[in-house]
Amino acid sequence: MTQANNTNHAKDVSMEIQRQIIIVSCVITLVDFFICYRHSYMVYMTNDDAGIQNLLNGFTSGANDPAHQFISIFLGFPLTWLYELMPKIQWWFIYSQFLMLVGIFLINYSFLCIAIHCSVKKGKKCWGNVFEVGIILVFNIAFSIPSIASTSFTVVPALYGTGIAALLFYSGYMGRINNRFLLLMLVLFLPVLFHRKNTAYVVLCYLFLVCLYVFVKREKSRKSIWTWAICVLISVATIIAFVGLDTIYKNQLNGYEFAEFNKARAELLDHPRDSYDEHPEIYEAVGWNRDSYVMVSQWCFIDELCNAKNMHYIAANSQSELAKPSEIIKGMIVDTRERYILILSGFISLASIIIIIVYANKQNLLFSLINIAGTLILIGYQIMMGRVLYRSLIVVLLPAFVFESLLGFASKNDASRRMAKIDNTMSISDRDAYIGRLKFCSVMTGVALFLALHFAILQANNFINIKEICTDKYEDNDDTVNQYLITHKNGFYVMQIGIKANVNPRLLYTEDISNSFYWGGSDYYSHVRKRVLRKNGMEKLDDESFLQDNVYIISGERYDSSINDAEKEELAKNSCLYAFCHYMKQLHPEYEMILADAIYEGMNVYHFVENK
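The sections below set out a description of the structure shown in this document. Here the structure is a predicted model, which means the values were calculated and not measured.

### What about a nonpolar patch on the surface?
- On the surface, L183, W226, I230 and I234 cluster together into a nonpolar patch covering about 400 Å² of accessible area.
- For the nonpolar patch, the element with the most residues is helix α9 (residues 222-269), which contributes three residues.
- By secondary structure assignment, the location of W226 is in helix α9.

### A closer look at the packing of helix α14 (residues 336-358) against helix α15 (residues 362-384)
- Closest axis-to-axis distance for the α14/α15 pair is 9 Å, and the angle between their directions is 165 degrees. If you check the angle between α14 and α15, you find them roughly antiparallel. Crossing angle aside, the handedness with which α14 passes α15 is left-handed. Mapping the contact onto sequence places L342, S349, I353, I356 and I357 in α14 and N364, L365, S368, I372 and I379 in α15.
- Along the lines of polarity and charge, the residues of the contact of α14 with α15 split into seven nonpolar, three polar and no charged.

### Topic: unusual backbone geometry
- A positive phi is found at M42, a non-glycine position, where the angle reads about 60 degrees.
- Structurally, the position occupied by M42 is in the loop between α1 (3-39) and β1 (43-44).

### Structural notes on the side chain of N54
- The residue N54 is located in helix α2 (residues 47-56) in this model.
- Apart from residues lying up to four places away in sequence, N54 is in contact with F59 and T60.

### Concerning helix α3 (residues 73-85)
- When the terminal C-alpha atoms of α3 are compared, their 18 Å separation across 13 residues agrees well with the 18 Å that a helix rising 1.5 Å per residue should span.
- For α3, the side-chain oxygen to backbone nitrogen distance between the N-cap and F74 is 3.1 Å, and the N-cap itself is S72.

### Examining the pairing of strand β3 (residues 492-495)
- Side chains F492 and V494 of β3 all project onto a buried face; the interleaved residues Y493 and M495 project onto the opposite face, where all are buried too.
- In this sheet, strand β5 (residues 551-555) lies alongside β3 in parallel orientation, the contact comprising four bridges. Across the sheet, Y493 pairs through a bridge with Y552, a residue of β5.

### Some words on the side chain of D543
- Its location among the elements puts D543 in the loop between α21 (527-535) and β5.
- There is no salt bridge for the buried D543, and the closest opposite charge comes from K540, which lies 7.4 Å off by N-O distance.
- Of the polar contacts made by the side chain of D543, one reaches the side chain of H588; its length is 2.6 Å.
- Those residues in contact with D543, other than ones at most four positions away along the chain, are I302, Y583, M584, L587 and H588.

### Some words on empty space enclosed by the protein
- Summed over all chains, the structure comprises four cavities of 30 Å³ or more.
- Within this model, the largest cavity holds a volume of roughly 240 Å³.
- Every residue lining the largest cavity is counted, 15 residues in all, and those nearest its centre are L182, M185, F208, C211 and S235.
- Those elements giving two or more residues to the lining of the largest cavity turn out to be α6 (155-173), α7 (179-195), α8 (197-218) and α9.
- Ranked by residues supplied to the lining of the largest cavity, first place goes to α9 with five residues.

### Re the nonpolar core
- Of all hydrophobic cores here, the largest spans 122 residues; its most connected members are W92, F111, F169, L344 and F401.
- Here this core takes 16 residues from helix α4 (residues 91-122), the largest share from any one element.
- Discounting residues that sit within four places of it in the chain, F169 has contacts with I114, V210, Y213, V214, F403, L406, L407 and A410.
- By size, the runner-up hydrophobic cluster in this structure holds 48 residues, among which are A264, I282, W288 and C306.

What counts and how
Residues numbered from 1 in each chain as written. Predicted model: local features only at pLDDT ≥ 70, side-chain atom pairs only at ≥ 80, totals over all residues. Heavy atoms only, no water. Patch = residues over 30% accessible without salt bridge, like charges linked within 9 Å, V, L, I, M, F, W, Y side chains within 5 Å. Areas by Shrake-Rupley, 256 points an atom, 1.4 Å probe, with all protein chains shown as cover. Salt bridge = Lys/Arg side-chain N within 4 Å of Asp/Glu carboxyl O. Helix = DSSP H or I, 4+ residues; strand = E, 2+ residues; numbered from the N terminus. Axes fitted to C-alpha atoms, helices over the stretch in contact; angles between N-to-C directions. Parallel < 35°, antiparallel > 145°, perpendicular 65-115°, else oblique. Left-handed = near helix turned anticlockwise from the far one by under 90°. Contact = heavy atoms within 4.5 Å. Nonpolar A, V, L, I, M, F, W, Y, C, P; charged D, E, K, R; others polar. Expected span 1.5 Å × (residues − 1). Polar contact = N/O pair within 3.5 Å; in protein donor to acceptor, adjacent residues only side chain to side chain. Buried < 20%, exposed > 50% of the residue type's maximum accessible area, 1.4 Å probe, protein only. Pairing = 2+ DSSP bridges. Lys, Arg positive; Asp, Glu negative; His and termini not counted. 1 Å grid on protein atoms, 1.4 Å probe; cavity = no way out; pocket = protein on both sides within 12 Å on 5 of 7 lines; lining within 4 Å. Points joined across faces, edges and corners; volume = space filled by probe spheres on them. Core = buried A, V, L, I, M, F, W, Y, C linked by side-chain atoms within 4.5 Å.

Remember, this is a structural readout, not a statement about activity or role.
Dropping the structure here:
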């Protein structure tokens with residue numbers, strides 16, 4: 001066989017292997033989705049995703065709106081166009097699932113490419129693939145399945161963005177990167193930025209770490225330095241431009257009041273602060289009483305004294321400090337989702353470091369330590385901010401897990417030359433010692449992977465069994481409230497926060513509920529609120545608005561008008577509904593709140609009427 005024929009044969013073999021890897025990656029990814037669709041309830045992790053979809057499809061305000069504060073308008077506009085074109089399809093959920101599908105496929109593909117490359121290079125001398133198989137299993141069980149089963153607008157871009165980072169790692173490792181490929185990576189990264197910019201910033205940290213790894217490993221010339229520098233500058237400039245345009249558009253749309261109020265609300269409600277009983281003078285200094293404190297604490301912002309200036313003042317003068325790191329870490333241990341994913345990540349890091357050390361790859365060990373240190377810094381930042389949630393923790397641990405695993409894969413691959421020299425240059429004693437270290441490595445990594453797999457199954461089980469939490473009853477209750485609002489268009493309904501779980505993407509309506517909104521929330525003073533008020537003939541929502549004949553309150557709390565004032569005042573210390581009624585009684589003593597209707601047992605409609 002001639003040299004040309006040998007080359008063509010090698011290319012054919014390589015293409016065949018690539019086709020097989022693509023097929024296997026697709027099968028693994030589809031199995032993840034099949035498991036979730038077959039055995040899970042398929043919900044949103046929080047009602048934030050429902051808020052996004054209901055704004056895009058027009059259910060909230062009666063008009064398809066692309067400008068939700070959590071996503072970019074560059075994503076909002078095409079999705080609203082799809083909702084206008086085909087309103088009976090839940091495009092937000094479908095798009096989120098598609099991004100995860102692409103991300104999971106790319107990660108599995110990158111894992112398999114490096115693993116198969118390792119096996120092909122070393123042939124029979126390759127000391128097993130326990131590490132590679134274990135990593136792929138852990139990733140799909142602990143990260144893929146939970147993310148698919150419980151969709152979150154923060155996790156979706158992290159999964160997709162990590163897939164981009166994994167592809168960049170593999171391509172750079174194999175020396176297949178050029179200028180066009182780097183620009184393609186930038187284009188592919190944009191959906192991450194559009195979906196959730198805070199998540200994009202985290203993923204960017206790991207993307208730059210991957211770029212640094214590939215550059216150090218492959219690039220040597222001065223020309224390549226300039227090429228990488230220019231690509232980085234273009235990427236940074238592009239990100240700044242898109243974020244800037246999105247911010248300018250939303251600021252003009254929502255106005256200064258919304259931005260200031262939202263910032264003050266986060267300062268006051270997202271972090272510990274003094275209670276009214278601890279330091280009433282702080283609240284009374286801005287005109288708040290106990291009713292105001294209880295109402296705002298439970299996200300009722302009706303009182304005109306609940307404004308950005310007063311909230312800034314209370315937050316600045318509160319003597320309560322952020323929760324101590326030890327308390328936050330204790331809370332992370334108590335929360336099963338966070339505990340399992342942290343322990344799992346620890347075992348994977350241990351297994352990867354063992355692999356890297358045994359195969360004596362100093363460069364990969366350095367990047368492994370940088371990866372671990374950077375991850376701890378990002379988690380530490382969340383702890384110091386006093387706010388660690390599973391959906392923010394997973395955004396950090398997911399790319400860290402994938403990068404650490406790829407380093408382990410690459411370390412085994414880089415050892416192929418050393419493996420080949422065992423029979424040629426090593427003495428029998430050296431060879432036996434080296435084989436002994438490999439066996440020890442396999443045992444240790446096997447134990448670490450077994451423990452990681454154990455916690456991965458526990459983690460997946462938390463999400464697969466989410467149907468036990470979000471039962472059909474809750475779905476029916478949400479639908480009942482929505483149907484009530486749709487069929488009672490003559491009234492304007494102000495809902496207490498927490499009325500609907502709104503985590504079921506299957507609840508899709510072609511009619512809107514623009515005759516209602518919550519009496520608080522992160523979108524207070526936004527353009528959406530203003531639009532809904534104008535549509536219902538109102539300029540603002542204040543205490544006098546509730547005296548109108550067509551304005552009602554929907555609450556999950558039961559209000560008993562028959563009890564005496566002293567009992568009502570006592571209940572108002574903890575109940576938002578009673579605090580609101582007491583607040584209204586002080587301003588309008590001639591009015592009283594009565595039960596107007598019941599949507600279902602435990603969900604009531606109230607109305608203020610004048611005393612006769």
